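# Reading the structure
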Amino acid sequence: MSSRRSQKYQSRHVDREPEEEVQQDITNQLPFTTTNTLEPSQIIKLYEHSFRSVLESPDLLDHVQTVKGDLFNRDYITAFSDEDRRLAYVARWTPYRSLCYASLFSSLEPIVELFKNNDNTSNVLCVGGGAASEYVALVSVFSRLRNSSNSGILSAQIIDIADWSSIINSIEKYVKSYWIHNPDKLLTDFVHDDILKLNNSRINFESLDLITLLFTTNELFAEKRPETIKFLQHLNSNCKSGSLLLIAESAGSFSNITIGTKKFPVQFLVDMVLVGKPGEDNGAWEIIEESESCWYRINPKEVDYALKLENMRFFFRLYRKK
Ligand SMILES: C[S@@+](CC[C@H](N)C(=O)[O-])C[C@H]1O[C@@H](n2cnc3c(N)ncnc32)[C@H](O)[C@@H]1O
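The sections below set out a description of the structure shown in this document. Residue numbers restart at each chain and count upward from 1, following the sequence in its written direction. Given that the model is predicted, a residue must reach a pLDDT of at least 70 before its local features are reported, and side-chain atom pairs must reach 80 or more before they are shown or counted; all residues, however, enter totals for whole chains, interfaces and linings. Neither water nor hydrogens contribute to the side-chain values; these are computed over all heavy atoms in the structure.

## Some thoughts on the overall build of the protein chain
What counts, and what does not: Put simply, DSSP marks the helices as runs of H or I at least four residues long and the strands as runs of E at least two long, and each gets a number from the N terminus on. Restricting the calculation to C-alpha atoms gives the radius of gyration, and the globule rule supplies 2.2 Å times the number of residues raised to the power 0.38. For every residue, the accessible area (1.4 Å probe, protein chains only) is compared with the maximum for its type, and the residue is labelled buried under 20%, exposed over 50%, or partly exposed between those bounds. Whether two residues are in contact is decided by their heavy atoms, any of which lying within 4.5 Å being enough. Here the open area of atoms and residues is found with the Shrake-Rupley method and a 1.4 Å probe, where only the protein chains shown may cover a residue.
Looking only at helices and strands, one finds 14 helices and 10 strands in the protein chain. Its C-alpha atoms give the protein chain a radius of gyration of 19 Å, near enough to 20 Å, the size a compact globule of 322 residues would have. Counting only C-alpha atoms, the protein chain reaches 55 × 50 × 45 Å along its principal axes. Taking all 322 residues of the protein chain together, the buried fraction comes to 55%. The contacts in the protein chain between residues at least 6 apart in sequence include a share of 81% that link residues at least 24 apart. For the protein chain, the exposed surface amounts to about 14,200 Å²; the carbon and sulfur share of it is 47%.

## Brief notes about the packing of helix α10 (residues 133–145) against helix α11 (residues 165–178)
In a pair of packed helices, the angle between the axes and the distance between the axes together describe the arrangement. Counted only if it meets this: Lines fitted to C-alpha atoms define the axes, with helix axes restricted to the stretch in contact, and inter-axis angles between N-to-C directions lie between 0 and 180 degrees. The scheme is simple: roughly parallel for angles under 35 degrees, roughly antiparallel for over 145, roughly perpendicular for 65 to 115, oblique for anything else. Handedness of a helix crossing follows the sense of rotation of the near helix relative to the far helix, less than a right angle counterclockwise being left-handed and clockwise being right-handed. Throughout, the ten residues Ala, Val, Leu, Ile, Met, Phe, Trp, Tyr, Cys and Pro are labelled nonpolar, Asp, Glu, Lys and Arg are labelled charged, and all others, Gly among them, are labelled polar.
Relative to each other, α10 and α11 sit at 15°, their axes nearing to 11 Å. The pairing of α10 with α11 is recorded here as roughly parallel in orientation. For α10 against α11, the interelement crossing comes out right-handed. The segment α10 lies against α11, with Y135, V136 and V139 engaging I168, I171, E172 and V175. Grouping the amino acids of the contact of α10 with α11 by side-chain chemistry returns 6 nonpolar, no polar and 1 charged.

## A look at the nonpolar core
What counts is decided by this rule: Among buried residues, those of type Ala, Val, Leu, Ile, Met, Phe, Trp, Tyr and Cys that are joined through side-chain atoms within 4.5 Å constitute a nonpolar core.
Core analysis: the biggest nonpolar cluster contains 77 residues, and F115, Y135, W164, I171, W179, L246 and F314 have the highest contact counts within it. Counting residues per element, this core draws most heavily on α10, which supplies 8 residues. Apart from the residues lying within four places of it in its own chain, the contact partners of Y135 are A156, I158, I168, I171, E172, V175, L186 and T188. Among the nonpolar cores identified, the runner-up in size contains 32 residues, and I195, L269, V273 and V275 belong to it.

## Brief notes about the sheet that holds strand β2 (residues 121–127)
Strand pairing in a sheet relies on backbone hydrogen bonds. The paired strands run either parallel or antiparallel. As a reminder, the rule being used: At least two DSSP bridges between two strands are needed for those strands to be called paired.
In spatial order, the strands read β1-β9-β10-β6-β5-β2-β3-β4; together these 8 strands make up an open sheet with mixed pairing. Each having just a single partner strand, β1 (29–30) and β4 (186–192) make up the two edges of the open sheet. Looking at chain direction, β1 and strand β9 (residues 285–296) are connected through 2 bridges and run parallel. Bridge pairing in β9 links Q29 to W295. Set on the sheet, helix α8 (residues 94–107) makes contact with β1, β5 (210–214), β6 (244–250), β9 and β10 (312–321); between it and β10 the angle comes to about 40°. Of the strands in this sheet, β6, β9 and β10 are in contact with helix α14 (residues 266–274), which crosses β10 at around 0°.

## Considering the side chain of N118
Threshold: Think of a polar contact as two N or O atoms within 3.5 Å of one another; within protein, one of them needs to be a possible hydrogen donor and the other a possible acceptor, and neighboring residues in sequence only count if both atoms come from side chains.
Within the fold, N118 resides in the loop between α9 (109–115) and β2. Of note is the side chain of N118, whose polar atom sits 2.7 Å from the backbone oxygen of L114. Aside from chain neighbours lying at most four places away, what touches N118 is N150, S151 and G152.

## A few points about the pattern of salt bridges
Threshold: Any carboxyl oxygen of Asp or Glu that lies within 4 Å of a side-chain nitrogen of Lys or Arg is treated as forming a salt bridge with it.
Scanning the model with the defined rule gives 13 salt bridges in all. Of the charged contacts, one joins E172 and K176 as a salt bridge, the two residues approaching to 3.0 Å between their closest N and O atoms. Highlighted residues: E172 and K176, both in helix α11, separated by 4 residues, approximately one helical turn. By relative accessible area, E172 is classed as buried at 16%. Among the salt bridges present, the one from K224 reaches D194, with a minimum N-O distance of 3.0 Å. Within this pair, whereas K224 is found in the loop between α12 (217–223) and α13 (225–238), its partner D194 is found in the loop between β4 and β5, the two being separated by 30 residues in sequence. On the basis of relative accessibility, which here comes to 10%, the residue D194 falls in the buried class. Salt bridges here are not isolated pairs; linked through shared partners, they connect D271, E290, E292 and R317.

## A word on the packing of aromatic side chains
Put simply, the rule is: Ring geometry is summarised as follows: Phe, Tyr and Trp rings, the Trp one being its six-membered ring, pair when their centres sit within 6.5 Å, and such pairs are stacked at plane angles under 30 degrees, edge-to-face over 60 and tilted between the two. Criterion for a charge above a ring: Arg CZ or Lys NZ at most 6 Å from the ring centre, at most 35 degrees from the ring normal.
By the definition in use, this model includes 13 aromatic pairs. With a centroid separation of 5.4 Å and 20° between ring planes, the pair formed by Y89 and W93 is classed as stacked. Judged by its relative accessible area of 10%, Y89 falls in the buried class. Directly above the aromatic system of F215 lies the positively charged group of R97, at a separation of 4.5 Å from the ring centroid. It is R297 that lies over the ring of W295; its NZ or CZ is 4.3 Å from the centre.

## Quick notes on the environment of V67
Tracing the sequence through the fold places V67 in helix α5 (residues 60–72). For the pair V67 and K240, spaced 173 residues apart in sequence, the C-alpha to C-alpha distance is 38 Å.

## Some thoughts on the site of the ligand
The condition that has to hold: Working definition: residue near molecule or strand if any one of its non-hydrogen atoms lies within 4 Å of it.
Looking at the ligand, there are 20 residues lining it, with R97, Y101, S133, D160 and E223 nearest. For the ligand, an oxygen atom lies 2.6 Å from a polar atom in the side chain of D160. Contacts to the ligand include I195, whose backbone N or O atom sits 3.0 Å from a nitrogen atom. Summarising the interface, the protein chains cover 97% of the accessible area of the ligand, which totals 600 Å² for the free molecule.

Okay, here's the thing in structure tokens:
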């Protein structure tokens, strides 16, 4: 990372008020859970119930190994190319990612505010969210924060290049049965498409309150770099003022992108497009929360699951449109 950008990040932290410093702690270590989301055991139960036959299948571990190989080779399109692979991913990787994202969303005040005491519809778009980690986390936070006296609605749109529709359907059915008893309060729309095509009329960027790009930005850059920059520029010109954008990716060199002979952290490139050149900050978005390295650790005393629940370390940025 360039020294100018690093200096800028440091000065942002120095400028914070004392009570914000407390908030800053959570950006390095997320709590296992918070009072703004359902219990981790409830989230795990969703997966155990919705994917019981997958978890009991004698072929599951073989499919997990296949996906692991694809992910190791960074062949993401193949990793999610058939239903067996997708179901294996959901059984093996999605549960702990949902726990982590539920903690992250529910620790970020602007996201909490979106659902708390809100009588309106909160429009959220999850880019690359077909595996449902962030969808489950969002619904978990929404169902905890929404109370019977407010009439808020969560409209969750999920766009993904792989066909995760049956998986989203199973999860939607579960959350409507066990978490959100009034089905009118949750609108779910899975869009099977390439976000980089940008000609999808089902997505109304101007209406969005929150966009998530969780562990997807690296893939977009790896697939089509110029189109990914265009997509970010599209967010600059089409999102409304006040809308939020949350980006998270692996911390460290895994998220480096090579341009010519130089390597850049993906967040450096994204910030250049969204926030502006280091030191100038003349872009369309401002960073309101960030961490270069944030841990989410599983508390094994509180959750039990048939497959390994992993700790996560990642960087994140929460941007707000100016
Ligand atoms: C590593 S997975 C991350 C899944 C999920 N967001 C999470 O954090 O658990 C990346 C996802 O991005 C999707 N994806 C990759 N390229 C895409 C594109 N061009 N348009 C939409 N989705 C894409 C993949 O199909 C996959 O579901």
